[in-house]
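Architecture and fold: a report
Spelled out, the chains give:
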Amino acid sequence: MVTIRAAHPSDAAGIRAVYAPFVAGSPATFEEELPTRADLQARMLASPRRPWLVAEADGEIVGYAYASAHRTRASYRWSVDTSVYLAAAHHRRGLGRRLYDELIAQVRTLGYLNLYACITLPNAASVALHTAAGFRPIGVFPHAGHKLGAWHDVGWFGLTLVDEHPAHPAEPRPWRPEDAPDAP
């Protein structure tokens, strides 16, 4: 059984283990050096806090999803970027969707209005996951990154969480891991 729960700084080693194959052998991320546990902990604790979730099976981290700042300028504060990564043995089992459904629910309760995801193309599985979760393609940056000896396009996908953007939106609230429910 896989449980989805709030990630804690002590989960950084497990998150790092899931992320390592993507850094070393995939253009899915444009990071070229594996972040240290301290780097990941700093990302998790960045202010304002945004959700970081892990999928845990038999005490082992097998996937994670998180929201991060879309851009650093203040006017972007109602928008977040989202990511999800799964250990290879857990691909195509619906776990990415479960992680995203919980991440989207948590981001929504905090008052964020727009979610964005950047997908290295081609990546049919990631495009399908994001589309199934409600994201829609909004643009492609051609030849945006060079990794593993090749240039890669990136597709931007967006999900708006409101029917209409308010003229005076409430400030998004920081995430509190203790408020995140565990989901079986």
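Everything below is about the structure shown above.
The rules behind the values
- Residues numbered from 1 in each chain as written.
- Predicted model: local features only at pLDDT ≥ 70, side-chain atom pairs only at ≥ 80, totals over all residues.
- Heavy atoms only, no water.
- Helix = DSSP H or I, 4+ residues; strand = E, 2+ residues; numbered from the N terminus.
- Phe/Tyr/Trp six-rings, centres within 6.5 Å; stacked < 30°, edge-to-face > 60°.

Residue Pro 48 is reached from Ser 47 by a cis peptide bond, and omega for that bond is -5°. The peptide bond linking Leu 121 to Pro 122 adopts the cis configuration, its omega dihedral lying at -5°. Among the structural elements, Pro 122 can be located in the loop between strand E5 (114-121) and helix H4 (124-132). Unusually for a residue other than glycine, His 143 sits at a positive phi of about 50°. For His 143, the location among the structural elements is in strand E6 (residues 136-147).

Another point: the environment of Ala 55. Checked against the element boundaries, Ala 55 lands in strand E2 (residues 52-57). Distance in space between the C-alpha atoms of Ala 55 and Leu 99 is 7.2 Å, their sequence separation being 44 residues.

Bringing the packing of aromatic side chains into the picture now. The final tally for this structure, using the stated rule, is nine aromatic pairs. Centroid distance Tyr 19 to Tyr 64: 6.4 Å. Interplanar angle 85°. Geometry classified as edge-to-face. With Tyr 19 in helix H1 (residues 12-25) and Tyr 64 in strand E3 (residues 60-69), this pair connects stretches of sequence that are 45 residues apart. Between Tyr 100 and Phe 135 the ring centres are 5.5 Å apart and the planes differ by 35°, which places this aromatic pair in the tilted class. Here Tyr 100, found in helix H3 (residues 95-109), pairs with Phe 135, found in the loop between H4 and E6; they are 35 residues apart in sequence, far enough to count as distant. The rings of Tyr 19, Phe 22, Trp 52, Tyr 64, Tyr 66 and Tyr 85 are connected pair by pair, giving a single aromatic cluster.

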